[in-house]
Amino acid sequence: MDLQAASTILLLLLHFIIITGVNGATFTFTNKCEYTVWPGILANAGSPRLDSTGFELSSSASRTFQAPTGWSGRFWARTDCNFDPASLSPSACSTGDCGSGEVECNDLGATPPVTLAEFTLGASGGQDFYDVSLVDGYNVPMVVEGSGGSGACGSTGCSADLNSQCPDELKAEGGGACKSACLAFASPEYCCSGAFNTPDTCRPSVYSEMFKTACPRSYSYAYDDATSTFTCSGADYTITFCPSSPSQKSLTDTSPSLVGTSTNADTTGNPMNGAHAAAVAGSTGSGGGGVMADGSWLAGLAMGGSSSTNSRSDNFIITFASTLLLSLVVL
């Protein structure tokens, strides 16, 4: 095969790779809790399932999944689960139960209170949007860290034990989780609904301030966008349950990362905003100020300066091209 023919084939292959995409992210789940957790995965409308919708993760174990560009969804931990069909318990798990009665959640979401990690990959200008939310309450410490990406790429999450600090009126039955004020009292001022459905009328409560003080980078209530939503381009992400220490840059740094709000509601009646959104439903990926098509929280998010080119994709293509060209020349 002559060099001209080899070059033509190479260009066609590279074009195919770029069109079909090698972007996306690798999600690594790590359990540093002293007990087993059963992570749940819920893909938003329009996003494909990952390799699992729920799995067992013993203490000190890790598991990795690949997600394509454009994927959006949420992750959480279930605790104290018993999937024995003979069990008389109405819930298979004490916290975070998805109602499937199985290890796999089968496209069912978490029952609050639960700590949520929420992602949309490659949405606005090629950026990933992500957050850790306590809007639906808290059950286990969780931290999200990005690696290998470009942009701000801040770490986020809640490494504090909020269950030990939870006020009696917010404690879930059994004490294994802490409710949000909206979940506990179902009142418009806590849920940012009705007459309180704007950033001007829905303000932080004494309860959300408690969450925010303990976990400054997590969403504490519906309009807590400025310090709670993060972006990165071309990164892989590690979701750690019960992190031993906040290795973030740091989790106590409350410098704003993004701005933007929305008046859409989640399943508990809370308006959804920030990267929250992308994770609750499918996205349109329409620039930096759009509301997701299904009413999710990814609204008004903008962070200039990040390239839409995925650095991980670039490295793959360069390596692939060099190897292929060398092979063709040798032939």
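Just so it is clear, the structure is predicted and the values come from calculations on it, not from any experiment.

Conventions used here
Residues numbered from 1 in each chain as written. Predicted model: local features only at pLDDT ≥ 70, side-chain atom pairs only at ≥ 80, totals over all residues. Heavy atoms only, no water. Pairing = 2+ DSSP bridges. Helix = DSSP H or I, 4+ residues; strand = E, 2+ residues; numbered from the N terminus. Axes fitted to C-alpha atoms, helices over the stretch in contact; angles between N-to-C directions. Buried < 20%, exposed > 50% of the residue type's maximum accessible area, 1.4 Å probe, protein only. pLDDT = per-residue confidence, 0-100. Contact = heavy atoms within 4.5 Å. Disulfide = S-S within 2.5 Å. Arc of directions from axis to C-beta.

K.L.:
Where do I start with the sheet that holds strand β8 (residues 142–147) in this structure?
P.N.:
Working definition: the strands of a sheet are paired by backbone hydrogen bonds and lie parallel or antiparallel to each other. Read across the sheet, 5 strands follow the order β3-β1-β11-β8-β9 without closing on themselves; strand pairing throughout is mixed. Whereas interior strands pair on both sides, the edge strands pair on one side only; in this sheet they are β3 (62–67) and β9 (156–158). Strand-to-strand twist across the sheet, computed as the mean angle between neighbouring axes with direction ignored, equals 20 degrees. Two elements, strand β1 (residues 25–31) and β3, share 6 bridges in a ladder whose sense is antiparallel. Its bridge partner being in β3, Phe27 is matched across the sheet by Phe65.

K.L.:
Just to check I follow, could you spell out the pairing of β1 for this structure?
P.N.:
Within a regular strand, the side chains alternate between the two sheet faces. Of all 7 residues making up β1, 6 are buried, and the element is well covered by its neighbours. Bridge count for β1 against strand β11 (residues 236–241) is 5 bridges, and the pairing is parallel. Looking across to β11, one finds that Phe27 is bridged to Tyr237.

K.L.:
How should the confidence of the model for the protein chain be read in this particular structure?
P.N.:
Any region with low pLDDT has predicted coordinates that should not be read closely. Of the residues in the protein chain, 66% have a pLDDT of 70 or more, and the chain-wide mean is 76. Confidence drops under a pLDDT of 50 for residues 12–22, and excluding neighbours within four residues, the segment shows 11 contacts in the predicted structure.

K.L.:
Please explain the state of the cysteines as it appears in this structure.
P.N.:
Put plainly, two cysteines are in a disulfide when a covalent bond ties their sulfur atoms together. Considering all chains together, one arrives at 8 disulfides under this definition. A sulfur-sulfur distance of 1.8 Å marks the disulfide that ties Cys158 to Cys215. Placement of the pair is Cys158 in strand β9 and Cys215 in the loop between α4 (206–214) and β10 (230–232), with a sequence separation of 57 residues. Each member of the pair Cys158 and Cys215 is classed as buried.

K.L.:
Which parts of the structure should I look at to understand α4?
P.N.:
One full turn of an α-helix is made of 3.6 residues, so residues set three or four places apart face in the same direction. Every buried residue of α4 is accounted for by Tyr207, Ser208, Phe211 and Lys212. Projection of α4 onto a plane perpendicular to its axis shows the buried side chains occupying an angular sector of 140 degrees, all on one side. In α4, the exposed residues that point more than 90 degrees away from the buried face are Val206 and Thr213.

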